[in-house]
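# Working through the structure, step by step
Residue-level listing of the chains:
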Amino acid sequence: MSRQALHDGWTLRAASGVDVPPEIADRPVPATVPGCVHTDLLDAGLIPDPYLDDNELSLAWIGRADWRYRTTFQPPAGDHDRVDLVCGGLDTVATVSVNGVEVGRTENMHRSYRFDVRALLRDGDNELTVAFDSVYRYAEAQRDRLGDRPNAYPEPFQFVRKMACNFGWDWGPTLVTAGIWQDIGLHAWSTARLATVRPLVTLDGRDGRVEVHVEVERASDVPLTVRAAVGGVRAEAVVEAGQRTAVLTLAVREPALWWPRGYGEQARHLLDVTLHAPDGETLDAWSRRIGFRTVRLDTTPDEHGTPFALSVNDVPVFVRGVNWIPDDAFPTRITRERLAERFAQAADANVNLLRVWGGGRYESEDFYDLADERGLLVQQDFLFACAAYPEEEPFATEVAAEAAEQVTRLTPHPSLVLWTGNNENIWGWHDWDWQEPLAGRTWGRGYYLDVLPRVVGELDPTRPYWPGSPWSGTEAIHPNDPAHGTTHIWDVWNTDDYTKYREYVPRFVAEFGYQGPPTYATLRRALSDEPLAPDSPGMAHHQKAVGGDAKLQRGLDAHLPPPADFDDWHYLTQLNQARAIQLGVEHFRSHRSVCAGTIVWQLNDCWPVTSWSAVDGDGRRKPLWYALRHAYADRLLTVQPRDGGGPAGGGGPAGAGLALVAVNETGEPWTVPVTVTRVTLTGEPRAKTSVDLDAPPYSSVTLALPAELARPDESRRELLVAEAGDTAERALWFFAEDRDVPWPTAAWDATVEPVDGGQRVRVTARTVLRDLTLFPDRLDPGATVDDALVTLLPGESTTFTVRSGAPLDPAALTTRPVMRAVNDLT
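First, a word on scope: everything that follows refers to the structure included in this document. (Residues numbered from 1 in each chain as written. Predicted model: local features only at pLDDT ≥ 70, side-chain atom pairs only at ≥ 80, totals over all residues. Heavy atoms only, no water.)

### A few points about the packing of helix H14 (residues 566-590) against helix H15 (residues 623-631)
Two elements in contact, H14 and H15, have axes whose closest approach is 8 Å; the angle formed by their N-to-C orientations is 20°. By the angle class used here, H14 and H15 are roughly parallel. The way H14 lies across H15 gives a crossing that is right-handed. The residues of H15 that touch H14, namely those facing Gln574, Gln577, Ala578, Ile581, Gln582, Val585, Glu586 and Arg589, are Pro623, Leu624, Ala627, Leu628, His630 and Ala631. (Axes fitted to C-alpha atoms, helices over the stretch in contact; angles between N-to-C directions. Helix = DSSP H or I, 4+ residues; strand = E, 2+ residues; numbered from the N terminus. Parallel < 35°, antiparallel > 145°, perpendicular 65-115°, else oblique. Left-handed = near helix turned anticlockwise from the far one by under 90°. Contact = heavy atoms within 4.5 Å.)

Below is the structure:
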């Protein structure tokens, strides 16, 4: 047996297409494999960077052209029964030929393909070509044949099995790719090979159990032996002549378990599977690291409706999640190192689950291996998003094959705890005016309620399946009913202020979000606008949400002082985004006994854009990231209205009932004295109380606050401060919106001293400082800071640590627009 990568010597050529520039037409271009047309043309200097300014628009022709990849290769040495050309992923409508002979056609980006080419090979050079037809032409032809169906965007993305967000989204560019996007190579083998290995890992009490389901492909009809080993335990099975499958069961006594981050260690165990010929020769081998753990999804109806509560190893896990989109519009640019950086950003923000959204891809082996290693749970959507999908051929067959391949591929990974049928399509059928234009045509229901649950049930019954996000649990209840199953909250942002989050006490929030612009350094790299303005050409092009800027302005008007210039606008819109999500998360966590989790939209971006992300398209942390780290803390203090709403600055109307809620998401009791003080903006105490907090592990405790704390003397000049020593960050509650507060002009003293790798900035407040934040990327695009959104009362101090490649100017570092507070606007 041998494997030979075919990644070298490729060239790319435009075969035909509308508006192909003459300098590119019929010109051979060096091609990187894996890769795509866009990145090859970019590397060759033939197109501008599509992420800069509005260059995206001038590159639309690429998705409408046909492309041809070509290379030559030497055949594998030796005599083999079979030589297969193995294509890990072709994007998307491809014809594969060897030495001028067509060996196969593909039309699904999400599948791998294997073609027997042994009879076509010759000594010396062999030619391999992969011709890609325009995916637009294919999708539009399928649409015309089957009848149009509604979707969220004016693109035919539901008529081809391809990454939907390539066609643009309300946070992404329209860059319709083509190319050999996964590994490609030759696999030479004899007698038989391991076609699939599917380990189903469970626990029987404290003992581990692995059922290894093996399927072989044969070139000879002889008896075969399959052996498996894990944790010092071995098993063996014979695959008799004429048979293709075997099941080996291994029982491992009390193995170390795999736990989500924060709940225990991420123990993994090497599982080896080998295939042997009758004479004992090893024909093939497969090896993965598995984790012993159980997953359970509780949806048993209760007095509040239908829960959606995840347990791992019989321990309930409150989900502190984020939605994940492809980290680049060109997936082959996403390295393991880049994924590791995003995962570190997620974990450092106290996230424990990533939901892989259904308009992207089935994530990579690197993604899942890192999730296994770091204890991040994963919810993987099947790839259907925001559209009515046809269920006719060829899609019915493609979807079933795609699902079976991906479910089988991902069975070894303990981090994968949930499969979801689609993103918002069942909701869309109910509420987005689809039913009349569909006129009875298929829209995907059969996938979500029949095909996909059957595939998961047959191939991986160890993991739960949920038909959609959102989904109530039954067709008898509206799919986005907050009292049942999972819900998406998008009236906040689209039409309503973020204080409306407090009107929801959902069972599980799978999407909610609020926009903010990317960091200043990211904007300056991506845009040539002079000057930058909220509505300057580049800013407008990199705002993909319909009405997005008006919604940002509505949020500012409701809460914050008016900005005087772009620097103010940039700080305030980022701040408002952070406050919106912090308010929502803290509210939902305060109802922990009813709500079992939140998944914020979204962690990351695929390019520089104004969006809902916490980490922008250049990988820089926005203020939202710091707010998320606070709101998702293991131990959270938060002041919440309990018999009335209130402004989002933390506040509520005078007279509203208030409670202190302590959320303990650790395995240890949280026992600590807590003080709550009502103070003026000058720091003068007006009322104070002390309580002894006793929050059991994995629980929340609600303590009503006395009226003398909840009712200010001067609502515009007072706030509450709740403190639990160094066991948690303090909680603040302002009784009025920032726009209505008579803020003193911000004043502070600052010192800057060098430290290893950067500088330490110590700020002492001479006045109250509201949401003090440093933006060192304005001075050095590579600079970072360890904290943000710090509110200080007069006389209080805080310290920021700035990391940068070279020392930054202390004066610039401690004045606007680098150092900001809400009350530096007054």
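### What to know about the packing of aromatic side chains
Scanning the model with the defined rule gives 43 aromatic pairs in all. Taken together, a centroid distance of 5.5 Å and an interplanar angle of 55° make the contact between Trp427 and Trp432 tilted. According to the relative accessible area criterion, Trp432 is partly exposed, its value standing at 27%. Ring centres of Trp625 and Tyr626 lie 5.0 Å apart, and the angle between their planes is 85°; on these two criteria the pair is classed as edge-to-face. Just as Trp625 is buried, Tyr626 falls in that class too. One aromatic cluster is present, formed by Tyr153, Phe157, Trp169, Trp171, Trp357 and Trp601 through successive ring pairs. One Lys or Arg, Arg621, reaches over the ring of Trp625 and ends 4.5 Å from the middle of that ring. (Phe/Tyr/Trp six-rings, centres within 6.5 Å; stacked < 30°, edge-to-face > 60°. Buried < 20%, exposed > 50% of the residue type's maximum accessible area, 1.4 Å probe, protein only. Lys NZ or Arg CZ within 6 Å of the ring centre and 35° of its normal.)

### A few points about the state of the cysteines
Applying the stated criterion across every chain yields a total of 0 disulfides. Here Cys165 stays unpaired: no disulfide links it, and the sulfur of Cys606, its closest cysteine neighbor, is 6.1 Å away. (Disulfide = S-S within 2.5 Å.)

### A few points about the environment of Gly516
If you trace the backbone, Gly516 turns up in the loop between strand E31 (509-512) and helix H11 (520-526). Distance from Gly516 to Trp612, taken between C-alpha atoms, is 6.2 Å for residues 96 residues apart in sequence. Dropping the residues within four chain positions of it, Gly516 is found in contact with Leu552, Thr573, Gln577, Thr610, Ser611 and Lys622.

### Description of the sheet that holds strand E34 (residues 658-664)
Strands sit in the order E33-E34-E37 across an open sheet of 3 strands; the sheet is antiparallel. Looking at the sheet topology across the chains shown, the edges are occupied by strand E33 (635-641) and strand E37 (699-704). Averaged over all pairs of adjacent strands, the angle between strand axes in this sheet comes to 20°, irrespective of strand direction. Here E33 pairs with E34 via 7 bridges, running antiparallel. (Pairing = 2+ DSSP bridges.)

### What about the packing of helix H4 (residues 336-348) against helix H5 (residues 365-374)?
Where H4 contacts H5, the axes come no closer than 10 Å and their chain directions differ by 40°. Comparing the axis directions of H4 and H5 gives the class oblique. Here H4 runs over H5; the crossing is right-handed. From H4, Arg336, Leu339, Ala340, Phe343 and Ala344 reach across to H5, where they touch Asp366, Phe367, Asp369, Leu370, Ala371, Glu373 and Arg374. In the contact of H4 with H5, the residues fall into 7 nonpolar, no polar and 5 charged. (Nonpolar A, V, L, I, M, F, W, Y, C, P; charged D, E, K, R; others polar.)

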